[in-house]
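The chain contents come next:
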Amino acid sequence: AVTKDDIRFVCCSNKEIDTFDFSNAVLSGSTDRIFYILSDMKLKKAPPEMILGSIMSIYSDLLSVKLCTESGKSKKDISLSLGMHEYKVGLYMQRAEKLSTKSLEIAIKLCHETDISLKTFLGSDPYSNIDILITKLFLAGKVK
């Protein structure tokens, strides 16, 4: 009799990547998932600037939501002020609650430094800059 383990042993796995998976992985801080999706992006030759732009946007929105939350705004008020869907605001509020304002400020600074690095170091592997950024962002999240 063939078991599930037999099937897993002889078949290759194919993890599918959906539209928002990279953003969700960055938002959740799931480095394994981020690097898995990033490797697929590299294979598909996604422009590093686009990848960085996505990361920068997430951290910028996280900081905005964090600051609004700290000032006492409700989810609805934040949604109206930032022009962001309430569902998205809710997700960002949950993540921002676990991060300090300082760590988010550091994250944005790291994104800015990576942007400069991508634009000024001709000949270097631009994807390595993204890999380093993700590692630094994970560590920045540990800052209290």
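Residues numbered from 1 in each chain as written. Predicted model: local features only at pLDDT ≥ 70, side-chain atom pairs only at ≥ 80, totals over all residues. Heavy atoms only, no water.

As for the overall build of the protein
Here comes step 1: Counting its regular elements, the protein contains eight helices and zero strands.
Here comes step 2: Listed N to C, the secondary structure of the protein is α-α-α-α-α-α-α-α in terms of helices and strands.
Here comes step 3: A principal-axis box enclosing the C-alpha atoms of the protein has dimensions of 60 × 45 × 30 Å.
Here comes step 4: Taken over 144 residues, the protein has a buried fraction of 34%.
Here comes step 5: Of all intrachain contacts in the protein linking residues separated by at least 6 positions in sequence, the fraction that spans at least 24 positions is 67%.
Here comes step 6: Total accessible area on the protein stands at roughly 9,300 Å², and carbon and sulfur atoms take up 58% of it.
Here comes step 7: For the protein, the distance from the average position of its 20 positive side-chain charges to the average position of its 18 negative side-chain charges is 4 Å. (Helix = DSSP H or I, 4+ residues; strand = E, 2+ residues; numbered from the N terminus. Buried < 20%, exposed > 50% of the residue type's maximum accessible area, 1.4 Å probe, protein only. Contact = heavy atoms within 4.5 Å. Areas by Shrake-Rupley, 256 points an atom, 1.4 Å probe, with all protein chains shown as cover. Lys, Arg positive; Asp, Glu negative; His and termini not counted. Charge placed at Lys NZ, Arg CZ, Asp CG, Glu CD.)

Notes on the environment of D21
Here comes step 1: Structurally, D21 is set in helix α2 (residues 21–28).
Here comes step 2: A sequence separation of 48 residues divides D21 from T69, and the C-alpha atoms of the two residues are 25 Å apart.

A few points about unusual backbone geometry
In terms of backbone geometry, most residues other than glycine have negative phi values and most peptide bonds are trans.
Here comes step 1: With a phi close to 55°, K45 is a non-glycine residue in the positive phi region.
Here comes step 2: Here K45 lies in the loop between α3 (31–43) and α4 (48–70).
Here comes step 3: Residue K45 is classed as exposed on the basis of its relative accessible area of 67%.

Worth remembering: the numbers are spatial, not functional.
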